[in-house]
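# Observations on the three-dimensional arrangement
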Amino acid sequence: FEFTLSSLSGDYSGVNDHWVDDKYHPLNLVEIYCESCDLFKGATIAFPLSKAAKFDEQTNNYSFTMTESAGWLKDPQNTLYEWTSPSRCSFIEVLSGITSVNILGDFTNWYESVSIDNVQWVAAPSKGRYQIPVCAQDSPNCRKCSC
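Overview of the structure. (Residues numbered from 1 in each chain as written. Predicted model: local features only at pLDDT ≥ 70, side-chain atom pairs only at ≥ 80, totals over all residues. Heavy atoms only, no water.)

## Looking at the nonpolar core
Counting 23 residues, the largest nonpolar core has Phe-3, Leu-29, Val-30, Tyr-62 and Phe-64 as its most contacted members. Only β1 (2-10), β2 (28-34), β3 (43-48) and α2 (88-96) provide two or more residues apiece to this core. The biggest single contributor to this core is β2, with four residues. Aside from chain neighbours lying at most four places away, what touches Phe-64 is Phe-1, Phe-3, Leu-29, Val-30, Phe-47, Ala-52 and Trp-72. (Core = buried A, V, L, I, M, F, W, Y, C linked by side-chain atoms within 4.5 Å. Buried < 20%, exposed > 50% of the residue type's maximum accessible area, 1.4 Å probe, protein only. Helix = DSSP H or I, 4+ residues; strand = E, 2+ residues; numbered from the N terminus. Contact = heavy atoms within 4.5 Å.)

See below:
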C-alpha cells in the first residue's frame, strides 16, 4: 500500500504528538476498516504514526507491506485493552472485506494544508503459484481462514 503526503502550507514546528504513543488509543497514519468482519461487529487494522517515517513540510512517500507482521495493529474495540498485532486470519479477513481506508491528514494543532496523492495498492512479485496463503483459500473471497 503506497501513497504520497505533501504540505502546501502550515507550521510543523509543533507536530501533533497527542496520543502518538498511547497504546490504548494510538494516532494512526493509516486505518483500514471492514464493516462485515468479526461476525459483523466490524474490525480495524491500522499502522501507527509512531512507526512510520516522520511527516514534515516536505513531500514524503510512504510504502507499507501488507502482512500481519509488518507493524500493523488491530483495534481491540475496547478502550481498556491495548492494540495488538493482528493474527494472519484477522488481517486477511479485513483486507478481503475492506469498507474504508483512512489516511491521516491533520498533523498539527493549528491550520495546515496537506495533499494526499498517488494512493495505490501494489502487488508484490509472485513467489510461486498463489499470492494468498493456502490457509485462506477455503472460500472464494478469503473470508474463511484456518491459519
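From this point on, the discussion continues.
## Looking at the state of the cysteines
Inspection of every chain in the model, using the stated rule, returns one disulfide. Each disulfide pairs two cysteine sulfurs, and for Cys-34 the partner residue is Cys-37, the sulfurs being separated by 2.1 Å. Because the torsion about its S-S bond is 90 degrees, the bridge between Cys-34 and Cys-37 counts as right-handed. (Disulfide = S-S within 2.5 Å.)

## Points about the sheet that holds strand β5 (residues 73-74)
Here we have four strands laid out as an open sheet, ordered β5-β3-β2-β6, and antiparallel in their pairing. The sheet is open, and its two edges are formed by β5 and β6 (100-103), each paired on a single side. With six bridges joining them, β2 and β3 adopt antiparallel strand pairing. Opposite Val-30, over in β3, you have Phe-47 as the bridge partner. (Pairing = 2+ DSSP bridges.)

## Considering the pairing of β2
Burial analysis of β2 places five of its seven residues in the buried class, which makes it a mostly covered element. Summarising the sheet, β2 and β6 pair through four bridges and their orientation is antiparallel. Note that in β6 the partner of Tyr-33 across the bridge is Ser-100.

## Section: a nonpolar patch on the surface
On the surface, a cluster of nonpolar side chains totalling about 250 Å² of accessible area is made up of Ile-98, Val-101 and Trp-121. Along the chain, Val-101 turns up in strand β6. Exposure remark for Val-101: the relative accessible area of 32% places this residue in the partly exposed category. (Patch = residues over 30% accessible without salt bridge, like charges linked within 9 Å, V, L, I, M, F, W, Y side chains within 5 Å. Areas by Shrake-Rupley, 256 points an atom, 1.4 Å probe, with all protein chains shown as cover. Salt bridge = Lys/Arg side-chain N within 4 Å of Asp/Glu carboxyl O.)

## A word on the environment of Trp-121
In this structure, Trp-121 sits in the segment after β7 (112-120). In this structure the C-alpha to C-alpha distance between Trp-121 and Met-66, which are 55 residues apart in sequence, comes to 9.4 Å.

## Looking at the pattern of salt bridges
Within the structure shown, the criterion is met by one salt bridge. Put simply, Arg-88 and Glu-68 hold a salt bridge, and the shortest N to O gap is 3.5 Å. Residue Arg-88 is found in helix α2, and its partner Glu-68 is found in the loop between β4 (60-63) and β5; the two are separated by 20 residues along the sequence.

## Regarding α2
Within the sequence span of α2, burial applies to Cys-89, Ser-90, Phe-91, Ile-92 and Val-94. Buried residues belonging to α2 abut β2, α1 (37-40), β3 and β5.

## Focus: the side chain of Asn-28
Position of Asn-28 among the secondary structure elements: in strand β2. Of note is the side chain of Asn-28, whose polar atom sits 2.9 Å from the side chain of Glu-31. Asn-28 has contacts with Ala-46, Phe-47, Pro-48, Leu-49, Trp-83 and Leu-104, leaving out every residue within four places of it along the chain. (Polar contact = N/O pair within 3.5 Å; in protein donor to acceptor, adjacent residues only side chain to side chain.)

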